[in-house]
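# Secondary and tertiary structure notes
This is what each chain is made of:
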Amino acid sequence: MVSNKSFPVQEFLTGVRQYLSAYALVRETDAHGRPGRNALTTGLGENAFYLFDAEAVCAVGHAIEDMALEEADGTLLAAFQQFKNFEPHRERYLHLAATIERAEILATGTAPRGTRHLKFTKDAKSSLQDFRIVLYQGRHRQALMIGRQANQAAAFDDRQFTGFFTFNPRLIASVRQDVMDVVAGRAPLLREFTRLHALDQAAKQIKSEFAREKDAVDHAVARLLTDSRRYRAKNFASDLEKGLSRLHQWKTRLPELLARAEGR
């Protein structure tokens, strides 16, 4: 397969936006998964975890499906949680199956009858029941959207998903292998998704700590400049030492944190 390094992300996001209403939300998340700003206004990034609403997660999936239709080759794998969630997309996937080499649907429940190029695979152990996935591997382009349900909503339209999209061929191939292993009972979970989510949270914790210390230093410098009678150089040095000590604690904790994220 050819690398995706030159794939224009903004072109992809333009394709995503054509499926979004003004009410759709993709929120940035902090190290604890708490939602923040609407990333649709600040700009979505590849390989970054967000909190997608149901409309947004479908829109990203549709943009990947459109990519497959444009290339008219390759294979597409999609996980819909339950087969009933697939029904609104049936005509679209019949068209996909007639255009590309193969499309496969994974879900729980009663599987519809497949066709020559559209395969339905039952997730018998419900191992992927929390995941919405669209994974395309073509000759020139590859793309993946994967999200894990983050709330307890029963109706699909009310669900939220923590996940990301990527065009990295190696990562996409790794996730596909994980999906196949989980469905076949060879693995208990999607290891790559779990690993990447843990790394994302660790990175956000580190960024948050550095930002906190930067704010503390900026505040200390401002006090040193404007309140030098009560806040002297020795006070500044003491506060700076405290900040450096906190960062040093992060340095000693980092290997353990990353090892835990890697599953070691």
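Residues numbered from 1 in each chain as written. Predicted model: local features only at pLDDT ≥ 70, side-chain atom pairs only at ≥ 80, totals over all residues. Heavy atoms only, no water.

## Quick word on the packing of aromatic side chains
For the coordinates displayed, the defined rule picks out 14 aromatic pairs. A centroid spacing of 5.8 Å and a plane angle of 65° characterise the contact between F86 and Y93, whose relative ring orientation is edge-to-face. No difference in accessibility class separates F86 from Y93, as the two residues are buried. Consider the rings of F156 and F161, whose centres lie 5.9 Å apart with planes at 45°: the pair is tilted. A relative accessible area of 0% places F161 in the buried class. An aromatic cluster is built from F80, F83, F86, Y93 and F120, whose rings are joined through pairwise contacts. The side chain of R132 reaches across the aromatic face of F80, ending 4.0 Å from its centre. (Phe/Tyr/Trp six-rings, centres within 6.5 Å; stacked < 30°, edge-to-face > 60°. Buried < 20%, exposed > 50% of the residue type's maximum accessible area, 1.4 Å probe, protein only. Lys NZ or Arg CZ within 6 Å of the ring centre and 35° of its normal.)

## Digging into unusual backbone geometry
Its identity as a non-glycine residue notwithstanding, Q81 has a phi of 70°, on the positive side. A residue is classified by how much of its surface remains accessible, and Q81, at 1% relative accessible area, is buried. In this model, S126 sits at a positive phi of 55°, which is unusual for a non-glycine residue. With respect to the secondary-structure elements, S126 resides in the loop between β6 (118-122) and β7 (131-137). (Helix = DSSP H or I, 4+ residues; strand = E, 2+ residues; numbered from the N terminus.)

## Some points on the nonpolar core
With 42 residues, the main nonpolar core has F12, V60, I64, L76, Y93 and I105 as its most contacted residues. At 10 residues, helix α3 (residues 54-71) tops the list of elements feeding residues into this core. Grouped together as the second largest cluster of nonpolar side chains are 20 residues, F49, I133, L171 and L190 included. (Core = buried A, V, L, I, M, F, W, Y, C linked by side-chain atoms within 4.5 Å.)

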